[in-house]
Amino acid sequence: MREETEAQQGGAGAAPAAPALRSRAASLRSRAGATEAPGARAESQPVTLPLDSSSIPGASDCARCVARRALGQTVQVARSSASFVADVAVGALVIPLAILINIGPRTYFHTCLKVACPVLILTQSSILALLAIAVDRYLRVKIPLRYKTVVTPRRAVVAITGCWVLSFVVGLTPMFGWNNLSVVERDWLANGSVGEPVIECQFEKVISMEYMVYFNFFVWVLPPLLLMVLIYMEVFYLIRKQLNKKVSASSGDPQKYYGKELKIAKSLALILFLFALSWLPLHILNCVTLFCPSCHMPRILIYIAIFLSHGNSAMNPIVYAFRIQKFRVTFLKIWNDHFRCRPAPPVDEDPPAERPDD
């Protein structure tokens, strides 16, 4: 009796378990079927084929070429814009401020100092922009095959921002105490006057010659000048070395590329020569004023030196536009994109094709 009762209880418990086992087995079979025969599901769902650029002849090379050109144009626009903005700012702001300072209106000392500091900021930005362009041309000749991966738009923006930050630091240094306030206050108090000194606003009355010679010239003008000379000497050497190499039939056209770079380097060397010719006379006069206080210099000589220094920034955009096609096209691109809303033609500035022996 006990065995029959247990058998009846076991059968009653197994009965409801059978449908669950059958349902689980059906689920496993459906999964296996979906895995083994995916074509059955494809009949009821649209098929989407991934587009592989390698399946189209030349598609990957075309995509790389388009990306490389877009990247090069972006870096070139940023690079040219920095120099263009610096030179235009010197012409539009510095020259009027310099004329105002040379007129000598009577004003407070710190007011005159605030007028003199933008002159230092913008002229320094023009110098650093020339240095940045020289470094850019060196990298383009030194590592033409890796140039687009090294000189990215983000790094170009960082470099331009760094140039402007340094320009502000150099130009605003007199505002933080390196000026002639102590000398002016001593003379002001000796005359029995009180309050902030009122002076005839002239550059040499508010800006210390020690600052102009030891800090501005010996640190921020002369070293960039010498560095640019060395960079362009190396650029000319590398270009001549590449042009003298025998070019194989399958090497693309590197001679054309380096020939274009040689032309650009000559134009930039001309800009460097104009830079030295324009800026050195003024700084030499500053050195004479500091080291030989008793030496008398004609006023007209000082005016000529000031005119040459500020005129350099007016000459640079003209040299860019007439001698360097890339800069001319870039300036037209900036003008058309931002003022006329017309696209400018792209600039073909691709590096030479990679050779097996590179």
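### Focus on the overall build of the protein chain
Alright, step 1. Looking only at helices and strands, one finds 13 helices and two strands in the protein chain.
Alright, step 2. The proportion of buried residues among the 358 residues of the protein chain is 38%.
Alright, step 3. Sequence separation of at least 24 residues holds for 82% of the intrachain contacts in the protein chain that already meet a minimum separation of 6.
Alright, step 4. Carbon together with sulfur atoms contributes 65% to the accessible area of the protein chain, which is approximately 21,100 Å² in total.

### Some remarks on the nonpolar core
Alright, step 1. Counting residues in hydrophobic clusters, the biggest one holds 56 residues, and the most contacted among them are V206, I207, L268, F275 and Y320.
Alright, step 2. Counting residues per element, the ones that place at least two in this core are α4 (109-142), α7 (181-190), α8 (203-206), α9 (209-220), α10 (222-243), α11 (254-291), α12 (299-323) and α13 (325-340).
Alright, step 3. If you tally residues by element for this core, the top one is α11, at 14 residues.
Alright, step 4. Aside from chain neighbours lying at most four places away, what touches L268 is I133, R137, Y232, Y320, I324 and F327.

### Here's the deal with a positive patch on the surface
Alright, step 1. Together, R240, K263, K266, R323 and R328 make up a region of like positive charge exposed at the surface.
Alright, step 2. Residue position: R328 is located in helix α13.
Alright, step 3. For R328, a relative accessible area of 33% translates into the label partly exposed.

### Digging into the state of the cysteines
Alright, step 1. Scanning all chains against the criterion turns up two disulfides.
Alright, step 2. Disulfide pairing places C292 opposite C295 at an S-S distance of 1.7 Å. Judged by the sign of its S-S torsion, about 70°, the bond between C292 and C295 is right-handed.
Alright, step 3. Given the relative accessible area of 23%, C292 is considered partly exposed.
Alright, step 4. Within the protein chain, bonded cysteines paired by disulfides and numbered along the sequence follow the pattern 1-2, 3-4.

### Considering the pattern of salt bridges
Alright, step 1. One pass over the full model with this rule turns up four salt bridges.
Alright, step 2. Notably, a salt bridge pairs D136 with R137, separated by 3.5 Å at the nearest N-O pair. The pair formed by D136 and R137 is uniform in burial state, with each residue classed as buried.
Alright, step 3. Salt bridges sharing partners connect three or more residues here, namely D136, R137, R140 and E261.

### Let's talk about α7
Alright, step 1. The complete set of buried residues in α7 reads L181, V184 and W188. Seen along its axis, α7 keeps its buried residues to an arc of 70°; they face one direction. Exposed and oriented more than 90 degrees from the buried face of α7 are R186, L189 and A190.
Alright, step 2. Tucked into the core, α7 has its buried residues touching α4, β2 (198-200) and α8.

### Quick word on a nonpolar patch on the surface
Alright, step 1. A grouping of I300, L301, Y303, I304, F307 and L308 is seen on the molecular surface, where their side chains present a nonpolar patch of about 590 Å² in accessible area.
Alright, step 2. Relative to the helices and strands, L301 resides in helix α12.
Alright, step 3. A relative accessible area of 40% places L301 in the partly exposed class.

### Observations regarding the confidence of the model for the protein chain
Alright, step 1. Across the protein chain, the average pLDDT comes to 75, with 66% of residues at 70 or higher.
Alright, step 2. Mean pLDDT values for the elements of the protein chain range from 42 in helix α2 (residues 39-42) up to 96 in α9.
Alright, step 3. Note that residues 353-358 has pLDDT below 50 and, in this model, 11 contacts with residues that lie over four places away or in other chains.

### Describing α4
Alright, step 1. With 34 residues, α4 should reach 50 Å at 1.5 Å per residue; the first-to-last C-alpha distance of 49 Å fits that figure.
Alright, step 2. For α4, a buried count of 25 out of 34 residues is recorded, marking the element as mostly surrounded by other parts of the structure.

### What to know about the packing of helix α6 (residues 153-172) against α9
Alright, step 1. It is the contact of α6 with α9, at a shortest axis distance of 11 Å, that shows an interaxial angle of 160°. In this view, α6 runs roughly antiparallel relative to α9, as classed from their interaxial angle. As α6 runs across α9, the sense of the crossing is right-handed. Contact with α6, carried on its side by L166, V170 and G171, involves Y211, F215, N216 and W220 of α9 and no other residues of that element.

### Let's talk about the packing of α4 against α6
Alright, step 1. The geometry of α4 relative to α6 is characterised by a closest axis approach of 8 Å and an angle of 145° between their N-to-C directions. When the axes of α4 and α6 are compared, the crossing they make is right-handed. Of α6, the residues touching α4 (which contributes C117, L120, I121, L122, Q124, S125, L128 and A132) are C163, W164, L166, S167, F168, V170, G171 and L172.

### Details of the side chain of Q202
Alright, step 1. Within the fold, Q202 resides in the loop between β2 and α8.
Alright, step 2. Here Q202 is in contact with I101, G104 and C112, once residues within four sequence places are set aside.

### Some points on the environment of R137
Alright, step 1. Secondary-structure assignment places R137 in helix α4.
Alright, step 2. The exposure class of R137 is buried, given its relative accessible area of 3%.
Alright, step 3. Along the chain, R137 and L268 lie 131 residues apart, while their C-alpha atoms are 9.1 Å from each other.

Calculation notes
- Along each chain, residues carry numbers from 1 onward, in the same order as the chain's sequence is written.
- Totals for whole chains, interfaces and linings use all residues, but because this is a predicted model, local features are given only for residues with pLDDT of at least 70 and pairs of side-chain atoms are given and counted only at 80 or more.
- With hydrogens and water set aside, each side-chain value is computed from the structure's full complement of heavy atoms.
- For the purposes of this entry, the term helix denotes a DSSP run of H or I that reaches at least four residues, the term strand denotes a run of E that reaches at least two, and both are numbered from the N terminus.
- Accessible area is worked out with a 1.4 Å probe on protein chains only. A residue is then buried under 20% of its type maximum, exposed over 50%, and partly exposed in between.
- Two residues form a contact once any of their heavy atoms are found within 4.5 Å.
- Surface accessibility in these figures is a Shrake-Rupley result with a 1.4 Å probe; residues are shielded only by whichever protein chains are displayed.
- To define a nonpolar core, start from buried Ala, Val, Leu, Ile, Met, Phe, Trp, Tyr and Cys residues and group those joined through side-chain atoms within 4.5 Å.
- Without a salt bridge and with relative accessible area above 30%, a residue can belong to a patch; like charges are then joined within 9 Å and nonpolar side chains (Val, Leu, Ile, Met, Phe, Trp, Tyr) within 5 Å.
- Every case where a carboxyl oxygen of Asp or Glu lies within 4 Å of a side-chain nitrogen of Lys or Arg is listed as a salt bridge.
- Under the counting rule used here, the positive set is Lys and Arg, the negative set is Asp and Glu, and His together with the chain ends is not counted.
- The location of each charge is read from NZ of Lys, CZ of Arg, CG of Asp or CD of Glu.
- The disulfide criterion is simple: two cysteine sulfur atoms within 2.5 Å.
- The directions considered for the arc are those from the helix axis to the C-beta atoms.
- pLDDT measures how confident the predictor is about each residue, on a scale from 0 to 100.
- One fewer than the residue count of a helix, multiplied by 1.5 Å, yields its expected span.
- Interaxial angles span 0 to 180 degrees and are taken between N-to-C directions of axes, which are lines fitted to C-alpha atoms, for helices over the stretch in contact.
- By definition in this entry, angles of less than 35 degrees are roughly parallel, angles greater than 145 are roughly antiparallel, angles of 65 to 115 are roughly perpendicular, and the rest are oblique.
- Each helix crossing is assigned a hand: it is left-handed if the near helix lies turned anticlockwise from the far helix by less than a right angle, otherwise right-handed if that turn is clockwise.

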